[in-house]
Amino acid sequence: MKIAIVGTSGAVGQELLRVLDARNFPVDELFLFGSSRSAGSTYTFRGKEVTVKELKHNDDFKGIDIAFVSAGGGTSLEFAETITRHGTVMIDNSSAFRMDDDVPLVVPEVNAEDALTRPRNIIANPNCTTIQMVVALKAIEDISHIKRVHVSTYQAASGAGASAMIELQEQHRQLVNKENPTISKFAYQLAYNLIPQVDVFTENGYTKEEMKMFNETRKIMHSNIEVSATCIRVPVLRAHSEAIWIETERPVSVEEAREAFAKAEGVVLLDNPEKKVYPMPLDAAGQDPVYVGRIRKDLTNPNGLTFWTAADQICKGAALNAVQIAEYLMKQ
């Protein structure tokens, strides 16, 4: 297959190269695209050097089967027609098309078949926090419908890109050396701190990130599920964590939930409190699954369960999910 990556220099673009290689994705020819600033740079893929071409409104995508696009919403909106007009399937990692009725929003473990109906030849990759959550929710939804969710996210610097990860590392170095920390990617110092804001605030007091979790979850799960989220940036380099409370239509026991998670696609159960076994972002970094643990009954609701998840934002929360979509399309 002829595969393209738009936005190769970013954290997700780099992860796409790694995931395609690690999963032995059948790439006969790889094309890399970027801004005028990135054009001319080279990357090695399976022993061959590939030069980045400048993304332009031309016929460069003619003959390309799938394009993974991770260069920001503005670029996706501007170049979608250019990328897809010759039949290329565009798997987009931005928020540009996620809530469009004629663009499927896909997490393969949950709603892979939605990818087959794509009038505009665009498939949207959901927000990283949503992906992580719905993979876990699907396990319970399969045994009892989930009516509502309360979730608090603990989002790593990686969610703001490679430069944010570098800034967090630099802040730690600066503070250890009694220097003033550089503050650029976030509103406040992230090192040794928590920032209870991810994205901008909306009129209802929730941030755009929190509203994404509400809207995207309903679309992916084809459900009337209600989601109330609080998203927090934490001084973790890579991999997000989430504390999740759910209310199901019928009571689900802890044992039943554990069994469901243990069998669920894309989930690894880490739940042995007596031995201090539970998911942590440090262990999830660089890994494919969504890890689930700390499973217990909600003390305030007989139909409630609460659990904890950790997953790599750049991998499953972005690049891996996109590649899994492409793998599903290949099988059909």
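Preceding this paragraph is the structure being described.
So, a few notes on the structure that sits alongside this text. (Residues numbered from 1 in each chain as written. Predicted model: local features only at pLDDT ≥ 70, side-chain atom pairs only at ≥ 80, totals over all residues. Heavy atoms only, no water.)

1. Side note on the pattern of salt bridges
Thinking step 1. By the definition in use, this model includes 23 salt bridges.
Thinking step 2. A salt bridge links glutamate 216 to arginine 98, with the shortest nitrogen-to-oxygen separation between them at 3.4 Å. Taken together, the residues span a long stretch of sequence, with glutamate 216 in helix α6 (residues 208–221) and arginine 98 in the loop between β6 (89–92) and α3 (108–111) at a distance of 118 residues. Exposure class is identical for glutamate 216 and arginine 98. Each is buried.
Thinking step 3. Of the charged contacts, one joins lysine 316 and glutamate 109 as a salt bridge, the two residues approaching to 2.9 Å between their closest N and O atoms. Remark: glutamate 109 occurs in helix α3 and lysine 316 occurs in helix α9 (residues 315–331); sequence separation between them is 207 residues.
Thinking step 4. By relative accessible area, lysine 316 is classed as buried at 2%.
Thinking step 5. A residue is classified by how much of its surface remains accessible, and glutamate 109, at 10% relative accessible area, is buried.
Thinking step 6. The network of salt bridges with common partners includes Glu15, Arg18, Arg238 and Asp312. (Salt bridge = Lys/Arg side-chain N within 4 Å of Asp/Glu carboxyl O. Helix = DSSP H or I, 4+ residues; strand = E, 2+ residues; numbered from the N terminus. Buried < 20%, exposed > 50% of the residue type's maximum accessible area, 1.4 Å probe, protein only.)

2. Points about the sheet that holds strand β8 (residues 146–155)
Thinking step 1. Reading across the sheet, the 6 strands line up as β9-β8-β10-β13-β12-β11 and stay open at both edges, with mixed pairing between neighbours. With partners counted over all chains shown, the strands left at the sheet margins are β9 (226–233) and β11 (267–269), one partner each. Mean inter-strand twist for the sheet, computed between neighbouring axes without regard to direction, equals 25°.
Thinking step 2. Where strand β12 (residues 290–297) and strand β13 (residues 304–311) come together, 5 bridges link them in antiparallel fashion. Bridge pairing in β13 links arginine 296 to threonine 306.
Thinking step 3. Contacts from helix α7 (residues 254–263) reach β11, β12 and β13 within the one sheet, and its direction differs from that of β12 by about 170°. (Pairing = 2+ DSSP bridges. Axes fitted to C-alpha atoms, helices over the stretch in contact; angles between N-to-C directions. Contact = heavy atoms within 4.5 Å.)

3. A few points about the nonpolar core
Thinking step 1. The biggest cluster of nonpolar side chains holds 53 residues, and the ones touching the most others in it are Phe61, Leu137, Val149, Ile246, Phe261 and Phe307.
Thinking step 2. Of all the elements, helix α4 (residues 128–141) adds the most residues to this core, at 8 residues.
Thinking step 3. Residues contacting isoleucine 246, with those up to four places away along its chain left out, are Leu137, Ile140, Ile146, Arg148, Val149, Asn303, Gly304, Leu305 and Phe307.
Thinking step 4. Formed by 41 residues, the second largest nonpolar core is a distinct cluster that contains Leu190, Ile195, Leu320 and Ala322. (Core = buried A, V, L, I, M, F, W, Y, C linked by side-chain atoms within 4.5 Å.)

4. Describing helix α1 (residues 11–22)
Thinking step 1. Over its 12 residues, α1 runs 16 Å from end to end, which matches the ideal 16 Å to within 8%, given 1.5 Å per residue.
Thinking step 2. What α1 keeps buried is the set Ala11, Val12, Gly13, Glu15, Leu16, Leu17, Val19 and Leu20.
Thinking step 3. Buried-residue contacts for α1 involve β1 (2–6), β2 (29–34), β3 (42–45), β5 (66–69), α5 (162–176) and α9.
Thinking step 4. Asparagine 24 occupies a position one or two residues after α1 and carries a positive phi of about 55°. (Expected span 1.5 Å × (residues − 1).)

5. So, the side chain of arginine 98
Thinking step 1. Note on arginine 98: relative accessible area 5%, which makes it buried.
Thinking step 2. A distance of 3.4 Å separates polar atoms of two side chains, one belonging to arginine 98 and the other to glutamate 216.
Thinking step 3. Sequence-distant contacts of arginine 98, defined by excluding residues within four places in its chain, comprise Asn93, Val103, Leu105, Ala124, Asn125, Pro126, Asn127, Lys212, Glu216 and Lys219. (Polar contact = N/O pair within 3.5 Å; in protein donor to acceptor, adjacent residues only side chain to side chain.)

6. Digging into unusual backbone geometry
Thinking step 1. Within the chain, arginine 46 stands out as a residue other than glycine whose phi angle is a positive 50°.
Thinking step 2. Note that arginine 46 resides in the loop between β3 and β4 (48–54).
Thinking step 3. Judged by relative accessible area, arginine 46 falls into the partly exposed class, the value being 34%.
Thinking step 4. For tyrosine 192, which is not a glycine, the phi torsion comes out positive at approximately 60°.
Thinking step 5. Inspection of the secondary structure puts tyrosine 192 in the loop between α5 and α6.

7. Some words on the side chain of threonine 84
Thinking step 1. Assignment of secondary structure puts threonine 84 in helix α2 (residues 73–84).
Thinking step 2. Given a relative accessible area of 13%, threonine 84 falls into the buried group.
Thinking step 3. Ignoring sequence-local partners within four residues, the contact set of threonine 84 consists of Met90, Arg120, Asn121 and Ile122.

8. Quick notes on α5
Thinking step 1. With 15 residues, α5 should reach 21 Å at 1.5 Å per residue; the first-to-last C-alpha distance of 22 Å fits that figure.
Thinking step 2. Among all positions in α5, only Ala164, Met165, Glu167, Leu168, Gln171 and Gln174 are buried.
Thinking step 3. One or two positions beyond α5, positive phi appears at lysine 178, with a value near 60°.

9. Section: the sheet that holds β1
Thinking step 1. Taken together, the 7 strands give an open sheet; going across it, the order is β3-β4-β2-β1-β5-β6-β7, and neighbouring strands pair in mixed fashion. With partners counted over all chains shown, the strands left at the sheet margins are β3 and β7 (122–124), one partner each. Within this sheet the neighbouring strands show an average axis-to-axis angle of 25°, counted without direction.

10. Focus on the packing of aromatic side chains
In this description, a pair of aromatic rings is defined by centroid distance and the angle of the planes.
Thinking step 1. In this structure the tally under the stated criterion is 3 aromatic pairs.
Thinking step 2. Ring centres of phenylalanine 33 and phenylalanine 61 lie 4.5 Å apart, and the angle between their planes is 25°; this geometry places the pair in the stacked category. Separated by 28 residues along the polypeptide, phenylalanine 33 in strand β2 and phenylalanine 61 in the loop between β4 and β5 bring together distant segments of the chain.
Thinking step 3. Judged by relative accessible area, which is 0%, phenylalanine 61 ranks as buried.
Thinking step 4. Judged by centre distance (5.5 Å) and plane angle (40°), the ring pair of tyrosine 154 and tryptophan 308 falls under tilted. In this pair, tyrosine 154 is assigned in strand β8 and tryptophan 308 in strand β13, connecting sequence segments 154 residues apart.
Thinking step 5. Given a relative accessible area of 26%, tyrosine 154 falls into the partly exposed group. (Phe/Tyr/Trp six-rings, centres within 6.5 Å; stacked < 30°, edge-to-face > 60°.)

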